[in-house]
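Here's the letter readout for the chains.
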Amino acid sequence: MPSNLLGRKSLDILRAEASDEGHGLKRSLGPVNLVALGIGAIIGAGIFVLTGTAAANHAGPAIMISFVIAGIGSALAGLCYAEFAALIPIAGSAYTYGYATLGELFAWIIGWDLILEYALGASTVAVGWAGNVVSLCQDLGITIPPQWTAAPGTELVLYKGRWDLLANVKGLLEAQKLMPDQIAAQLGTMQQVTATFNMVAFLSILLVTIVLVIGIRESAGLNTIVVFIKVGVVLVFVGIAISYVMGHMETAKANWTPFIPPNTGNFGDYGWSGIARAAGKVFFAYIGFDAVSTAAQEAKNPQRDMPIGILGSLVICTFLYILVSGLLTAVVPFHALNDPAPVAVATDLMGVKWGSYLVKVGSIAGLGSVMLVMLLGQSRVFFSMSHDGLLPEWAGRIHHRFKTPYISSIVVGIVVAVMAGSFSISTLGDLVSIGTLLAFVIVCGGVILLRHREPNMPRPFKTPFVPLVPILGIAFAALMMGSLGRDTWIRLVVWLFIGMVIYFGYSRYHSKLQG
Ligand code: ALA
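Residues numbered from 1 in each chain as written. Predicted model: local features only at pLDDT ≥ 70, side-chain atom pairs only at ≥ 80, totals over all residues. Heavy atoms only, no water.

Colleague: Explanation requested: the environment of Ser433 in the structure shown.
Modeller: One can find Ser433 in helix α18 (residues 425–453). Residue classification places Ser433 among the buried positions, given a relative accessible area of 0%. For the pair Ser433 and Glu117, spaced 316 residues apart in sequence, the C-alpha separation works out to 7.2 Å. Once you skip the residues sitting within four places of it in the chain, Ser433 turns out to touch Gly280, Lys281, Phe283, Phe284, Ile287 and Leu484. (Helix = DSSP H or I, 4+ residues; strand = E, 2+ residues; numbered from the N terminus. Buried < 20%, exposed > 50% of the residue type's maximum accessible area, 1.4 Å probe, protein only. Contact = heavy atoms within 4.5 Å.)

Structure representation (structure tokens):
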């Protein structure tokens, strides 16, 4: 009868497992692949899609401060992840770290929580991807039937020859300072459709799943190319925007004044609480660096390369985000950024039509790579959990030729695709943020704990200034979690509750550690 809920896997066992070729995963990734894997996971729907609404509805130009807050929080957690990833170079990310430090119950909670990050994260990005694909198709005169382009129940209208979300069009009309009855009258003349299912997002996930099943080497190679395209597009935008701002200093100044729009009286609507709320939302833009750690078992030299992969990708992305968000709000009045493709909107406004096409194509490629890394991370976490007996054996089965955990990849792919087809980007995004932040809190706490428990263990990478860095990491994560709304908290609690039911109903009795 299993009894020890806090039973820990010894680090020696974990290390032995990491070097155990019987695991079957190929060691093919070097430091450049890992940094690329990180950037592939990080730059995505956060900057290309969510930045616009966060600036328009919560922070205004001060969205830059939100990015700084979220970036600092991620870097602090990243330093803690790096210590663990180098110490325990085995697939599974925070889940494995939790198993070594806090015991099985916590490991389960983290693994369960990571489903929010990876699986739901991939769904979120797929919805952003679909938005860009539909928009680009409309630019090219191709109309995908609108009822298949959004979550069930979403209202869409035909406005100026394009199908758009009713909520977005309303926002645009409000920005023109029309009265409510004028807006209602205008909307009344427009053709409307209620969406059935987001088929575009659904299919995108299925496509990525096929790439993953075929194998990590192929996936990582493809990812590296896509990362170059994505960073290239961001840099092109930055170049165009800097030269525009230099020529339109007055406009930029006006758009940046006031830099922190005054709070409206509601928590989270501008002012400092708005900056915090926006930080919680754009935190999504940083999610992904920890996915590097899930590939530890496929890294050639994990001890040296995991910290390089995690921190290197994080630093590059933070720099780019601050630049992009600053330029975005300098070019476009922030109220007009409430759009699924804000970067393309800004490029359009600068009169660079080719640039806006390029941004959309780059976003499509870029978001594709994010989905890839997230799904990769998810199937690897399931692989580890199954190896430990917490999930059924089939979840860890490796394909004899492709050497990938193909069954878990396929099952995850189908579930994630259905979620992507069924929910809106903001519902999914907030839940992903809060779930990931919870994992950060546990990882930061784990570093402190392990330093006490195993002070003399040789650490290839040491988090600096322990316990200060982990404590600050926890504080930043708590700040961002606290800024997200009540509904998101309720969803998190419900999710964790379901996880507990599964753990006490199944996993606890099948755990290899307990058995
Ligand atoms: N950071 C990733 C994105 O923004 C999840 O899409």
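Colleague: Sorry, what's going on with the site of the ligand here?
Modeller: With respect to spatial proximity, the complete set of residues near the ligand consists of Ala41, Ile42, Gly44, Ala45, Gly46, Val125, Phe284, Ala285, Tyr286, Ile287, Val370 and Met374. In this structure, a nitrogen atom belonging to the ligand sits 2.6 Å away from a main-chain N or O atom of Ile42. Between Ala285 and the ligand, the recorded distance is 3.0 Å, taken from a backbone N or O atom to a nitrogen atom. Taken by itself the ligand offers 220 Å² of open surface, and the protein chains cover 100% of this. Those elements that provide at least two residues to the shell around the ligand are α2 (31–42), α3 (45–59) and α16 (353–387). Looking at the shell around the ligand residue by residue, the class counts come to 10 nonpolar, 2 polar and no charged. (Near = heavy atom within 4 Å. Polar contact = N/O pair within 3.5 Å; in protein donor to acceptor, adjacent residues only side chain to side chain. Areas by Shrake-Rupley, 256 points an atom, 1.4 Å probe, with all protein chains shown as cover. Nonpolar A, V, L, I, M, F, W, Y, C, P; charged D, E, K, R; others polar.)

Colleague: Mind showing me how you'd approach the packing of aromatic side chains here?
Modeller: Here the distance between the centres and the angle between the planes together describe a pair of aromatic rings. As enumerated under the stated definition, the model contains 13 aromatic pairs in all. Measuring from ring centre to ring centre gives 5.9 Å for Trp108 and Tyr503, while their planes differ by 40°; the resulting arrangement is tilted. Linking Trp108 in helix α6 (residues 104–139) with Tyr503 in helix α20 (residues 486–510), this pair joins segments that are 395 residues apart in sequence. Look at Trp108 and you get buried, because its relative accessible area is 0%. Here Tyr503 and Phe504 contribute two aromatic rings whose centre-to-centre distance is 5.1 Å and whose plane-to-plane angle is 85°, an arrangement assigned as edge-to-face. On the basis of relative accessible area, Tyr503 is assigned to the buried category, the value being 0%. Directly above the ring of Tyr357 sits Lys353, whose terminal nitrogen or CZ lies 5.4 Å from the centroid. (Phe/Tyr/Trp six-rings, centres within 6.5 Å; stacked < 30°, edge-to-face > 60°. Lys NZ or Arg CZ within 6 Å of the ring centre and 35° of its normal.)

Colleague: Would you explain the sheet that holds strand β1 (residues 155–159) in this entry?
Modeller: Each strand in a sheet pairs with its neighbour through backbone hydrogen bonds, running either in the same direction (parallel) or in the opposite one (antiparallel). Spatially, β2-β1-β3 is the arrangement adopted by the 3 strands of the open sheet, whose pairing is antiparallel. The open sheet terminates on both sides in strands that have one partner only, identified here as β2 (162–165) and β3 (192–194). Between one strand axis and the next, the sheet turns by 30° as a mean value, whatever way the strands run. (Pairing = 2+ DSSP bridges. Axes fitted to C-alpha atoms, helices over the stretch in contact; angles between N-to-C directions.)

Colleague: For this particular structure, what's the right way to read the pattern of salt bridges?
Modeller: Note on pairing: side chains with opposite charge can pair once their charged atoms come close. Under the definition given, this model contains 5 salt bridges. Of the charged contacts in the structure, one is a salt bridge between Arg162 and Asp139, with a shortest N-O distance of 2.7 Å. A residue pair is termed long-range when its members are at least 10 positions apart, and Arg162 in strand β2 and Asp139 in helix α6 qualify at 23 residues. The salt bridge partner of Lys281 is Asp430, with a shortest N-O separation of 2.9 Å. (Salt bridge = Lys/Arg side-chain N within 4 Å of Asp/Glu carboxyl O.)

Colleague: So what exactly am I meant to see when it comes to the packing of α3 against helix α14 (residues 302–331) here?
Modeller: A pair of packed helices can be characterised by two numbers: the angle between their axes and the separation between those axes. Put simply, α3 and α14 touch, their axes get as near as 11 Å, and they point 50° apart. Between α3 and α14, the angle is such that the two are oblique. As for the relative orientation of α3 and α14, their crossing is right-handed in sense. Judged by residue contacts, Ile47, Thr51 and Ala55 of α3 engage Tyr321, Val324, Ser325, Leu328 and Thr329 from α14. (Parallel < 35°, antiparallel > 145°, perpendicular 65-115°, else oblique. Left-handed = near helix turned anticlockwise from the far one by under 90°.)

Colleague: Sorry, what's going on with the side chain of Thr318 here?
Modeller: One can find Thr318 in helix α14. Those residues in contact with Thr318 that lie beyond four places of it in its chain are Gly71 and Tyr286.

Colleague: Please clarify how the environment of Tyr95 should be interpreted in this entry.
Modeller: Mapped onto the fold, Tyr95 is located in helix α5 (residues 94–101). With residues near it in sequence (within four places) discarded, Tyr95 still touches Ala107, Ile110, Gly111, Leu114, Val381, Ser384, Met385, Asp388 and Leu390. A distance of 2.6 Å separates polar atoms of two side chains, one belonging to Tyr95 and the other to Asp388.

Colleague: How should I be thinking about the nonpolar core in this particular structure?
Modeller: One finds Ile43, Tyr81, Ile205, Phe237 and Tyr321 to be the most contacted residues of the largest nonpolar core, which totals 156 residues. When neighbours within four sequence positions are excluded, Ile205 is seen to be in contact with Ala122, Ala126, Met371, Leu375, Gly413, Val416, Ala417 and Ala420. In terms of nonpolar packing, the next biggest core, distinct from the first, is built from 8 residues, Tyr159, Leu166, Ile183 and Met190 among them. (Core = buried A, V, L, I, M, F, W, Y, C linked by side-chain atoms within 4.5 Å.)

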